[in-house]
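Here's the letter readout for the chains.
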Amino acid sequence: MQSVYPKRDFFLRQKNSTKPNLSVLLLIHLQLINIITGPDIILKFLGFRYDDVAEIGLGWFTFSVNFLFILLDVFVLLNNKTKSLKLILEVKKIGFFLVLIFLSSFLVLENLFEQSLNLIFLTIGYSIKICSLIILFDKYNIEFSSILLKVLKILMIVMLVYLVIFFGNGFSTTLIGRYQSVFNQPNTLGQFSSLAIATLFSERLYISRKNKKFNNYSFFFFLSTAIAFVIISQSFTNFLLIILIVLMYFFYVLKNKMLHVLLLISIALFSFFFFTNSKDLSFLSFSDVNVTSSNFNRDLTLTGRTQIWRDVLDKVQFDDKTLCGYGIGGFWGKTGAPSSKIDNALFAEIGQSHNGMIDLYTQYGLVGISLFVYILFTILKKLSKLKSNSAQVIFLNFFFVLFLFNNLVESSYLQPKNFLNIIFILNTIYILNPKYLLEFRKARLNAINISQS
């Protein structure tokens, strides 16, 4: 029998070890929480307002927490050497871009080299995190979309508890360490909420297709919470993104029920009108609860973004950096950085062009843009061929709509500080190597079926 079924005994031996133990689940949950919120979630519950705390004073804490997680991830990779090597060999397209990132550091100005080196270390760190998570998901047959939704729900509850305990502290706008966390950056909180809503709707769609009982109370509670956080963040672009996610969900479900679609569009248009004309949305905001905001009022320049895009593109062309760019971390900065020579007072504060492709262009030029577009094209092509009969595939469709739209007005592409980028790379590995996961699961399920027959 062994010669006829050479893999059967192997999978039968693995049957008892496929369920992750508590330490593995704890590591996965904590790692994802660390990726999404940054280490400062601990500081917020210690009562830090950040307003009077110097950023450099807490940098050691940020570094220590991230170093601890990377160390644990290295142990995971070393304990699964064969799978780790196979994973690295199969992610060649991403590997090419990592090489380009490292080589681009030679183009960086001398006064910005330390900043560039920090970004390279962060890139190496998130690459280790991603590889270790992929290994654990594969080894224990864990659906990433399912575990991500649990983490997002945990974080929403934690954030609600935080607002109750430290209501006066609110969500500060002062950045701590290397992270732009959901607790201290408005756009990041909006992105977090959009991701939560996309994950909620993808799960609801999957369960409804499987005719399973769905907990509507839980769904609407977390959906309402996520929308509330978007209002707190006052991120108009993420509000529009939520409308897009909802439309995508209804087009998935309703198909030819045009009346329902028209009703949804009407609600969306009314909401758009409300948030662009409201004058009384200052009951919650960042930094302090009573800070008056711009009340979602926007114009055709997308709050100055179009002017930033023009200025950045003109600067790149003027410096003749169109082919290779300024290198990783070589454009944005304060004194002495190329961005500081642009006559725009916002540049000292924003640190990005609010467009993913333009920021890729500034760092890696047309070479980087061409390679990244090729990877995106490959991803979308393979994604279109995957059958949307699993929770993971449905989530991937929702996530890539969110991610691509978000990068029209924000910069997430290959940004080591941005959690959407880390999730994007993780999902890219799933899509570029679907057989790596699906064949393993199919073989294991077949072995289990054989053992039960």
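Residues numbered from 1 in each chain as written. Predicted model: local features only at pLDDT ≥ 70, side-chain atom pairs only at ≥ 80, totals over all residues. Heavy atoms only, no water.

S.K.: I'm lost on the overall build of the protein in this one. Help?
M.R.: Summing up its helical and strand segments, the protein has 18 helices and zero strands in all. Residue burial in the protein is summarised as follows: out of 453 residues, 52% are buried. As presented, the protein carries roughly 22,400 Å² of accessible surface, and 65% of it is formed by carbon and sulfur atoms. (Helix = DSSP H or I, 4+ residues; strand = E, 2+ residues; numbered from the N terminus. Buried < 20%, exposed > 50% of the residue type's maximum accessible area, 1.4 Å probe, protein only. Areas by Shrake-Rupley, 256 points an atom, 1.4 Å probe, with all protein chains shown as cover.)

S.K.: Any chance you could explain the pattern of salt bridges here in plain terms?
M.R.: Side chains that differ in charge, positive against negative, can pair when their charged atoms come close. Under the criterion given, the structure shown has one salt bridge. As a salt-bridge pair, Lys315 and Asp319 come within 3.2 Å of each other at their nearest N and O atoms. Residue Lys315 is classed as buried on the basis of its relative accessible area of 12%. On the accessibility criterion, Asp319 (24% relative accessible area) is partly exposed. (Salt bridge = Lys/Arg side-chain N within 4 Å of Asp/Glu carboxyl O.)

S.K.: Would you mind showing me how to read helix 16 (residues 391–409) here?
M.R.: In an α-helix, one turn spans 3.6 residues; hence positions three or four apart end up facing the same way. The end-to-end C-alpha separation of helix 16 is 28 Å, in line with the 27 Å expected for 19 residues at 1.5 Å each. Most of helix 16 sits out of view: 15 of its 19 residues are buried. (Expected span 1.5 Å × (residues − 1).)

S.K.: What is the right way to read the confidence of the model for the protein from this model?
M.R.: Low-pLDDT portions of the prediction should not be read for the details of their coordinates. Confidence in the prediction for the protein averages 77 pLDDT; 72% of positions are at 70 or higher. A low-confidence stretch, residues 1–17 (pLDDT under 50), is modelled with 13 contacts involving residues beyond four sequence positions or located in other chains. (pLDDT = per-residue confidence, 0-100. Contact = heavy atoms within 4.5 Å.)

S.K.: Can you help me understand the side chain of Thr362 in this one?
M.R.: Mapped onto the secondary structure, Thr362 falls in helix 15 (residues 356–385). By relative accessible area, which is 0% here, Thr362 ends up buried. From its side chain, Thr362 meets the backbone oxygen of Asp359 in a polar contact 2.8 Å long. Residues contacting Thr362, with those up to four places away along its chain left out, are Val312, Val316, Gly325, Tyr326, Gly327 and Phe331. (Polar contact = N/O pair within 3.5 Å; in protein donor to acceptor, adjacent residues only side chain to side chain.)

S.K.: Sorry if this is basic, but what is going on with the packing of helix 2 (residues 22–37) against helix 4 (residues 59–78) here?
M.R.: Packed helices, taken two at a time, are described by their axes: the angle between them and the distance between them. Where helix 2 meets helix 4, the closest approach of the two axes is 11 Å, and the angle between their N-to-C directions is 140 degrees. Overall, the two elements helix 2 and helix 4 adopt an arrangement that is oblique. The hand of the helix 2/helix 4 crossing is left-handed. Taking contact as the criterion, the partners of Leu27, Leu30, Gln31 and Asn34 in helix 2 are, on helix 4, Val65, Asn66, Phe69, Leu72, Asp73 and Val76. Its residues placed into classes, the contact of helix 2 with helix 4 shows six nonpolar, three polar and one charged. (Axes fitted to C-alpha atoms, helices over the stretch in contact; angles between N-to-C directions. Parallel < 35°, antiparallel > 145°, perpendicular 65-115°, else oblique. Left-handed = near helix turned anticlockwise from the far one by under 90°. Nonpolar A, V, L, I, M, F, W, Y, C, P; charged D, E, K, R; others polar.)

S.K.: Explain the packing of aromatic side chains here, please?
M.R.: For any pair of aromatic rings, the description consists of the separation of the ring centres together with the inter-plane angle of the planes. Summed over all chains, the structure comprises 21 aromatic pairs. Ring centres of Phe372 and Phe424 lie 6.1 Å apart, and the angle between their planes is 50 degrees; on these two criteria the pair is classed as tilted. Residue Phe372 is found in helix 15, and its partner Phe424 is found in helix 17 (residues 419–432); the two are separated by 52 residues along the sequence. Here Phe372 matches Phe424 in class, with each residue buried. Through successive ring pairs, a cluster of aromatic residues spans Phe97, Phe137, Phe144, Tyr364, Phe372, Phe395, Phe399, Phe400, Phe403, Tyr413 and Phe424. A cation over an aromatic ring shows up here: Arg204 above the ring of Phe219, its NZ or CZ 4.5 Å from the ring centre. (Phe/Tyr/Trp six-rings, centres within 6.5 Å; stacked < 30°, edge-to-face > 60°. Lys NZ or Arg CZ within 6 Å of the ring centre and 35° of its normal.)

S.K.: Got a minute to help me understand the nonpolar core in this structure?
M.R.: Soluble globular proteins: nonpolar side chains tend toward being buried together. Membership of the largest hydrophobic core comes to 116 residues, with the highest contact counts inside it found for Phe144, Phe192, Leu195 and Phe398. The contact partners of Phe144, leaving out residues within four places of it in the chain, are Leu32, Phe137, Gln392, Phe395, Ile423, Leu426, Asn427 and Tyr430. (Core = buried A, V, L, I, M, F, W, Y, C linked by side-chain atoms within 4.5 Å.)

S.K.: What's the story with the environment of Thr335 in this structure? I'm lost.
M.R.: Relative to the assigned elements, Thr335 resides in the loop between helix 13 (305–318) and helix 14 (347–350). Sequence separation of Thr335 and Asn111 is 224 residues, and the distance between their C-alpha atoms is 9.3 Å. Not counting residues within four places of it along the chain, the set of residues in contact with Thr335 comprises Asn111 and Ser340.

S.K.: Teacher, can you tell me more about unusual backbone geometry here?
M.R.: Backbone phi values are negative for most residues with the exception of glycine, while trans is the configuration of most peptide bonds. Of note in this structure, Asn141 is not a glycine but carries a positive phi near 55 degrees. With respect to the helices and strands, Asn141 occurs in the loop between helix 7 (113–139) and helix 8 (144–165). The exposure class assigned to Asn141 is partly exposed, which follows from its relative accessible area of 34%. The backbone of Leu414 shows a phi angle near 55 degrees, a positive value even though the residue is not glycine.

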